[in-house]
Amino acid sequence: MGFMGITDCSIAAHNYKCEEAAKAAIKHALRALRKRHLLEEGAHAAALTALSRPFVAQGLEWKEKVERLEVELQQCYKAQSRLAEQLGTEVSESRSLKGSIQEKDLAIENLERTLTETRDECSRLTTELEKKTKAVELLLSENVEIKGQLEEMTLKAKRAEAENKILIDRWMLQKMQDAERLNEANALYEDMMERLKAKGLESLARQQVDGVVRRCEEGAEHFSQSTFPSTCGNRIHAHEGGCSAILFEYNSGKLLTGGQDRTVKLWDTNTGSLSRTLHGCLGSILDLAITHDNRSIIAASSSNNLYAWDTNSGRIHHTLTGHCEKVCAVDVSKTSNRHVVSAAYDRTIKVWDLQKGYCTNTIIFHSNCNALCFSMDGHTICSGHVDGNLRLWDIQTGKLIHEVAAHSLSVTSISMSGNGNMLLTSGRDNLHNLFDIRTLEVCSTLRAPGSRAASNWSRSCISPGDNYVAAGSVDGTVYVWSISKADVVGTLKEHTSSVLCCSWSSFGKPLCSADKTGVICTWM
């Protein structure tokens, strides 16, 4: 930049010198012309005087000379004019060059200022770079130390994991031994219970107030035949937000209910009074099951988990986790207190060991399951799905045994008859089908003009004597069908909102129903 400035100044000085030289030359030429003109006038003064004399020859010669001189004078004037024009052009160019020089001088000053600022910024950045470099070196040294510590911790973690695995293996072995001992105790207990039930069968049959007791010729067997209820005994506001699951205890008049308020409640159906409330569930309760010894209550929840309460203490003794979506159905084996099956909206059916509290098998299928139940022998799972099909699964292998189209729309409920020969399915097509469990053929189809399922989990039920079917409707009516007649024999009207589920006591009465507002009606 400095070299360009010096070059521009030299050009300007040269142009100025040329301009001065041109002005001096023009002035010298003018002075020469004037001097020449004066000399010629003085030289020719005598000639002019002589011309005035009457000499014809000299007059012509001098006239020509005068004309020639006038032409030269005109040429001099023209040359003067050209030089003047050239001088004006040179002056204007000099002025423009002077303005350009001033602009370039300003640009040079700006560039020098920018250069100074850039040098300052470069110095500052160099200082910061040195600081950052020192910081990076410090971080690298710390990183090396941390890597060393991490390797040490990793080795310790691996050793701890190996020790933990050994401890878990020992613990599992101990648990298996405990489970075997517990299984032996349960087998002894179940044997004792079966003997007690056999002894109390006659007295239990005689206590059936509404049943018809018949005696065989040998006088050894008894059975009860239920009649369908007709009047509302109690109307209980059980849950806030709705009640979607109800279930009777085995050989008891106590009713279990689960609702949107995340509680399970036990009721005395004779008086309509609340006996106990079980807390601890983190979601709405969608289905309930109970072991046949009435010691454990299992609830399917919208929180993706199952909760198992001990009925004696009222505390949760297992939280079964593993489903990824809400659990909508649950059932307990009718031959064992330890096998539980559940279905959720993650397209899985899981089999659980209730004593150990973990999943033993998972069945995956493309259609979500809305309802399920165990067969009487406990070896088969019956499931009803959103695609309307009924499927039977082997509990040990998880393989599909049979599949049949049960309904044109989603299956909402599945119930096993007391003798284990019939399977009741209900669907969103507002039909209730009775299947022969041995052949999977439809024995009977129950329908009513006003009967409409209220939800995908509208639960129907079969009476203990396998004589009647009860199901709720969206209009608040409970319909009762006779299985033998395949026709409606009663309509129970007390609810003011959609009825979601029904359950029949093993004594034959009462029949209970629950609706979307959380009201439960007991029918006698």
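Residues numbered from 1 in each chain as written. Predicted model: local features only at pLDDT ≥ 70, side-chain atom pairs only at ≥ 80, totals over all residues. Heavy atoms only, no water.

By the naming in an unreviewed UniProt entry, the protein chain goes by Autophagy-related protein 16 domain-containing protein and is assigned to Trapa incisa.

A.B. asks: Any chance you could explain the overall build of the protein chain here in plain terms?
C.D. replies: Scanning the protein chain from N- to C-terminus turns up three helices and 28 strands. The 524 residues of the protein chain split such that 38% are buried. Long-range pairs, those at least 24 residues apart, make up 46% of the contacts in the protein chain between residues at least 6 apart in sequence. Accessible surface, the protein chain: about 30000 Å² in total, of which carbon and sulfur atoms supply 55%. (Helix = DSSP H or I, 4+ residues; strand = E, 2+ residues; numbered from the N terminus. Buried < 20%, exposed > 50% of the residue type's maximum accessible area, 1.4 Å probe, protein only. Contact = heavy atoms within 4.5 Å. Areas by Shrake-Rupley, 256 points an atom, 1.4 Å probe, with all protein chains shown as cover.)

A.B. asks: Explanation requested: the side chain of Asp346 in the structure shown.
C.D. replies: As for its placement among the helices and strands, Asp346 is situated in the loop between strand 11 (339-344) and strand 12 (348-353). For the buried residue Asp346, which engages in no salt bridge, the nearest side chain bearing the opposite charge is Lys350, 6.0 Å off. Of the polar contacts made by the side chain of Asp346, one reaches the side chain of His323; its length is 3.3 Å. Apart from the residues lying within four places of it in its own chain, the contact partners of Asp346 are His323, Cys324, Glu325 and Asn368. (Lys, Arg positive; Asp, Glu negative; His and termini not counted. Salt bridge = Lys/Arg side-chain N within 4 Å of Asp/Glu carboxyl O. Polar contact = N/O pair within 3.5 Å; in protein donor to acceptor, adjacent residues only side chain to side chain.)

A.B. asks: Looking at this model, I keep getting lost on the sheet that holds strand 17 (residues 400-405). Mind explaining?
C.D. replies: Paired through their backbone hydrogen bonds, the strands of a sheet run either parallel or antiparallel. Ordered in space as 14-15-16-17, the four strands form an open sheet in which the pairing is antiparallel. The sheet is open, and its two borders are formed by strand 14 (369-374) and strand 17, each paired with just one other strand. For this sheet the average axis-to-axis angle between neighbouring strands, irrespective of direction, equals 20 degrees. For strand 15 (residues 380-385) and strand 16 (residues 389-394), the ladder comprises five bridges, and the chain directions are antiparallel. (Pairing = 2+ DSSP bridges. Axes fitted to C-alpha atoms, helices over the stretch in contact; angles between N-to-C directions.)

A.B. asks: Just checking my understanding: could you explain a negative patch on the surface for this structure?
C.D. replies: Together, Glu61, Glu64, Glu67 and Glu70 line one region of the surface with negative charge. Of note, Glu61 is situated in helix 3 (residues 56-206). On the basis of relative accessible area, Glu61 is assigned to the exposed category, the value being 53%. (Patch = residues over 30% accessible without salt bridge, like charges linked within 9 Å, V, L, I, M, F, W, Y side chains within 5 Å. Charge placed at Lys NZ, Arg CZ, Asp CG, Glu CD.)

A.B. asks: Explanation requested: the pattern of salt bridges in the structure shown.
C.D. replies: Between side chains of opposite charge, a pair can form as their charged atoms come close. Across all of its chains, the model carries nine salt bridges by this definition. One network of salt bridges, with partners in common, ties together Glu121, Arg124 and Glu128.

A.B. asks: Please explain the packing of aromatic side chains as it appears in this structure.
C.D. replies: Each aromatic ring pair is specified by the distance between its two centres and by the angle formed by the two planes. For the coordinates displayed, the defined rule picks out five aromatic pairs. For the ring pair Tyr345 and Trp457, a centre distance of 5.9 Å and an interplane angle of 55 degrees mean the geometry is tilted. Of this pair, Tyr345 sits in the loop between strand 11 and strand 12 while Trp457 is found in the loop between strand 21 (441-446) and strand 22 (461-462), placing the two residues 112 residues apart along the sequence. A ring pair is formed by Phe365 and Trp393, whose centres lie 5.5 Å apart and whose planes are at 75 degrees; its orientation type is edge-to-face. On the criterion of sequence distance, the pair formed by Phe365 in the loop between strand 13 (358-364) and strand 14 and Trp393 in strand 16 is long-range, its members being 28 residues apart. Taking relative accessible area as the criterion, Trp393 reaches 3% and is therefore assigned buried. Between the NZ or CZ atom of Lys326 and the centre of the ring of Tyr345, over which it lies, the distance is 5.4 Å. (Phe/Tyr/Trp six-rings, centres within 6.5 Å; stacked < 30°, edge-to-face > 60°. Lys NZ or Arg CZ within 6 Å of the ring centre and 35° of its normal.)

A.B. asks: I would appreciate a short explanation of the pairing of strand 4 (residues 264-268) in the present structure.
C.D. replies: Working note: regular strand, side chains alternate between the two faces of the sheet. Of all five residues in strand 4, four are buried, a share of seventy percent or more. In terms of strand pairing, strand 3 (residues 254-259) meets strand 4 through five bridges, oriented antiparallel. Each bridged residue has a counterpart across the sheet, and for Leu256 the counterpart in strand 4 is Leu266. Taking the residues that link successive antiparallel strands as the turn, the strand 3-strand 4 hairpin has four residues, and the phi of Arg262 there is positive, at about 70 degrees. As judged from the five bridges shared by strand 4 and strand 5 (residues 273-278), these two strands associate in the antiparallel manner. When the sheet's bridge partners are listed, Trp267 is paired in strand 5 with Leu274. Hairpin geometry of strand 4 and strand 5 is characterised by an intervening segment of four residues between the two adjacent antiparallel strands and by a positive phi of about 80 degrees at Gly272.

A.B. asks: What am I meant to see in the sheet that holds strand 7 (residues 296-301) here?
C.D. replies: Pairing is antiparallel in the open sheet, where four strands are placed in the order 6-7-8-9. Because the sheet does not close on itself, it has two edges, and the strands there are strand 6 (285-290) and strand 9 (316-320). Strand after strand, the sheet turns through a mean of 20 degrees between neighbouring axes, direction not considered.

A.B. asks: Help me understand a nonpolar patch on the surface, please; the structure alone is not making it clear to me.
C.D. replies: Taken together, the side chains of Ile168, Trp171, Met172 and Tyr358 make up a nonpolar region of the molecular surface, amounting to roughly 380 Å² of accessible area. Examining the composition of the nonpolar patch, we find that three residues originate from one element, helix 3, more than from any other. As for its placement among the helices and strands, Trp171 is situated in helix 3.

A.B. asks: Looking at this structure, I do not really get the side chain of Thr291. What am I missing?
C.D. replies: With respect to the helices and strands, Thr291 occurs in the loop between strand 6 and strand 7. A polar contact is formed between the side chain of Thr291 and the side chain of Asp293, at a distance of 2.5 Å. Not counting chain neighbours up to four residues away, the residues in contact with Thr291 comprise Tyr250, Ser296, Ile298, Val332, Asn337 and Leu354.

A.B. asks: What should I look at first to understand unusual backbone geometry in this one?
C.D. replies: Trans is the prevailing form of peptide bonds, just as negative phi is the prevailing case for residues other than glycine. A cis amide bond, omega 0 degrees, links Lys509 with the succeeding residue Pro510. Tracing the sequence through the fold places Pro510 in the loop between strand 26 (499-504) and strand 27 (511-515). The backbone of Asn304 shows a phi angle near 75 degrees, a positive value even though the residue is not glycine.

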